[in-house]
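# Examining the three-dimensional arrangement
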Amino acid sequence: MSKQNLAVIFGGQSSEHEISCMSASNIIQCIDAQRYNIILVGITKEGHWVEAADLNAVQDGSWRQSKTSIVLSPDATRKGLYRMSEDEKAQFVHLDVIFPVLHGLYGEDGTVQGLFKLAGIPFVGCGLFASAAGMDKLYTKIIVDTLGIRQAKYVPVYKEELPKMDEVVARVESALEYPVFVKPSRAGSSKGVNKAANREQLKNALIEAADNDRKILVEETIIGREVECAVLGNLDVKASGVGEILSADEFYDFDAKYYNSESKTLVDPPMPENMREQIREDAVKIFMALDGRGLSRVDFFLTESGVVFNEINTLPGFTAISMYPMLWEAQGIPKKELVQKLIDLAFER
């Protein structure tokens, strides 16, 4: 049987560029090289698409100096990409499937998913709508409101409202009690997220959040354990067990997640069995309500009064410490099998 051409696309223009490269390195090693010709496509922080020579180039970062440019064609009658080096004519390469490993803006928000859809090439993960809605914390909340699933109370704020800061602060204070969390609606991976315990901190947090996105979410603080559930499938969706985050910092921000070795993850923490099942059921409901496909990680808080939805991540991390693959390994699905299943789901869709 002849090999199929599979493109792994990584890097990207978001604040999670480096994490994407770490995730891609793990995924590339799990792809069956006997079944696929693997084409490694890196996107620099400036948005330049290039071909990485090999896995080592991905791991040491030298791919960014590649002289081979890549252009993915939106022409659905061609279904592929153009490889262009400095001294050669453009070479067209047909693609059978794409595995995007892009976290955050311009990768997890529906932008590249729209391009893949135009090109008519099967791809791993959620489609345009689910990616866009899942990336946008505000619109995720609006959708989850229709499901009757408990989530943190929230106040939406827009960047253009900030010149009238006193009015914004008054609106937040009338709806929520301090401390509150302030989040860019579409930044991803806790970038620009701050906890505000008073009015001055709230103002500073709103300004920082506005540097990351024009839409800002101010949420009540939920006191509870941070837990996560992985989902896998298209229409027949399965939920993993429930994992727990033990953050080394006050909350699980970007640095605590990826750079603080004291942060820990547990794949089978003790909790009431009815709450574990509710988390698994709610994770699938939220994924389906967003019209999700392939994979997502759904995050919750486990409080004294019950389960509270936090957010959904439609292209979760795949690093060595990432919860998504760890949860499925705990269910008896090793990384290589999981990666192949995700590719199969792309073709199935």
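First, a word on what this report is: a plain description of the structure on this page.

Let us look at the layout of surface pockets. What the second largest pocket holds in volume is close to 300 Å³. Contributing to the lining of the second largest pocket are 15 residues, with Lys117, Phe123, Gly127, Leu128 and Arg349 lying nearest its centre. Those elements that place two or more of their residues in the lining of the second largest pocket are α3 (111-119) and α4 (128-135). In the lining of the second largest pocket, the residues fall into 9 nonpolar, 2 polar and 4 charged.

The subject of this paragraph is the sheet that holds strand β13 (residues 238-246). The strand order across the open sheet formed by 5 strands is β14-β13-β12-β15-β16, and the pairing between neighbours is antiparallel. In this open sheet, the two strands that pair with only one neighbour each are β14 (264-266) and β16 (306-313). Across the sheet, the axes of successive neighbouring strands diverge by a mean angle of 30°, strand direction being ignored. Where strand β12 (residues 225-233) meets β13, 6 bridges bridge the pair, whose relative direction is antiparallel. Note that in β13 the partner of Val227 across the bridge is Glu244. In the packing of helix α9 (residues 273-289) onto the sheet, the strands contacted are β12, β13, β15 (294-303) and β16, and the crossing angle to β15 comes to about 135°.

The subject of this paragraph is α9. Taking 1.5 Å per residue as the helical rise, α9 with its 17 residues ought to reach 24 Å, and the 24 Å between its terminal C-alpha atoms agrees with that figure. Within the sequence span of α9, burial applies to Met275, Arg276, Ile279, Asp282, Ala283, Ile286 and Phe287. Down the axis of α9, the buried side of the element spans an arc of 130°, and every buried residue falls inside it. For α9, the elements touching its buried residues are α5 (137-145), β12, β13, β15 and β16.

Each value, and the rule that gives it
- Along each chain, the written sequence defines residue order, and numbers are assigned to residues from 1.
- Whole-chain, interface and lining totals are the exception, using all residues; otherwise, since this is a predicted model, local features are given only for residues with pLDDT of at least 70 and side-chain atom pairs are given and counted only at 80 or more.
- As a convention, hydrogens and water are excluded, and side-chain values are obtained from all of the structure's heavy atoms.
- Space inside and on the surface of the protein is sampled on a 1 Å grid over the protein atoms alone, with a cavity defined as a set of points where a 1.4 Å probe fits but cannot get out and a pocket as an open set with protein on both sides within 12 Å along at least 5 of 7 lines; lining residues have an atom within 4 Å of a point.
- Grid points are joined across faces, edges and corners, and a volume is the space filled by probe spheres set on the points.
- Where helices and strands are cited, they refer to DSSP runs of H or I of at least four residues and of E of at least two residues respectively, numbered from the N terminus.
- Think of it as three bins: nonpolar holds Ala, Val, Leu, Ile, Met, Phe, Trp, Tyr, Cys and Pro, charged holds Asp, Glu, Lys and Arg, and polar takes everything else, Gly as well.
- When DSSP finds two or more bridges between a pair of strands, those strands are recorded as paired.
- Where helices are involved, their axes are fitted lines through C-alpha atoms of the stretch in contact, as for all axes, and angles between N-to-C directions lie from 0 to 180°.
- Throughout, a contact is declared for two residues whenever any of their heavy atoms are within 4.5 Å.
- For a helix, the expected span equals 1.5 Å multiplied by the residue count minus one.
- When a residue's accessible area, from a 1.4 Å probe over protein chains only, is under 20% of the maximum for its type it is buried; when over 50% it is exposed; and in between it is partly exposed.
- Throughout, the arc means the angular range of directions from the helix axis out to the C-beta atoms.

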